[in-house]
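# Coordinate analysis (summary)
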Amino acid sequence: MRNISLLIVEDNPADALLIKEHLSENSGKQYDIAVKETLTEAIERLKKNDVEVVLLDLSLPDSSGLDTVRTLITKYPNVVIIVLTGLQDDQVALQAVRYGAQDYIEKKHITSTLLNRSISYS
């Protein structure tokens, strides 16, 4: 089984570490993981065209909210985008999916099983 190339776009190092830990708990999948802290850094990384899945926080130093999702989906429509956020807003979640995000997960609900399932189904 090949590794899945994954980009975590998260400006909080503790959250990024927790996400990586959740991903490592799945024995069935292996990930090549990169972490970027800003949307600008993420876009630069995505220019390499080797990322399959982006785990995207909506509150970044250089972008916030649905603009973050719109920007990535406009520039990289073939990349799977899963929004991971601390926001608890059903309208934002629905709109993110309408823009093209494959899933929207509140950080407080993240589990290894949920995260890996979301990636698999996306």
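Residues numbered from 1 in each chain as written. Predicted model: local features only at pLDDT ≥ 70, side-chain atom pairs only at ≥ 80, totals over all residues. Heavy atoms only, no water.

### A short note on the packing of helix H3 (residues 66-75) against helix H4 (residues 90-99)
Two elements in contact, H3 and H4, have axes whose closest approach is 10 Å; the angle formed by their N-to-C orientations is 10°. With respect to their mutual orientation, H3 and H4 come out roughly parallel. Residues Leu66, Val69, Arg70 and Ile73 of H3 lie in contact with H4, whose contacting residues are Val92, Gln95, Ala96 and Tyr99. (Axes fitted to C-alpha atoms, helices over the stretch in contact; angles between N-to-C directions. Helix = DSSP H or I, 4+ residues; strand = E, 2+ residues; numbered from the N terminus. Parallel < 35°, antiparallel > 145°, perpendicular 65-115°, else oblique. Contact = heavy atoms within 4.5 Å.)

### Side note on the environment of serine 64
Note on placement: serine 64 falls in strand E5 (residues 63-64). On the accessibility criterion, serine 64 (47% relative accessible area) is partly exposed. A C-alpha to C-alpha distance of 9.2 Å links serine 64 and leucine 39, two positions 25 residues apart in sequence. (Buried < 20%, exposed > 50% of the residue type's maximum accessible area, 1.4 Å probe, protein only.)

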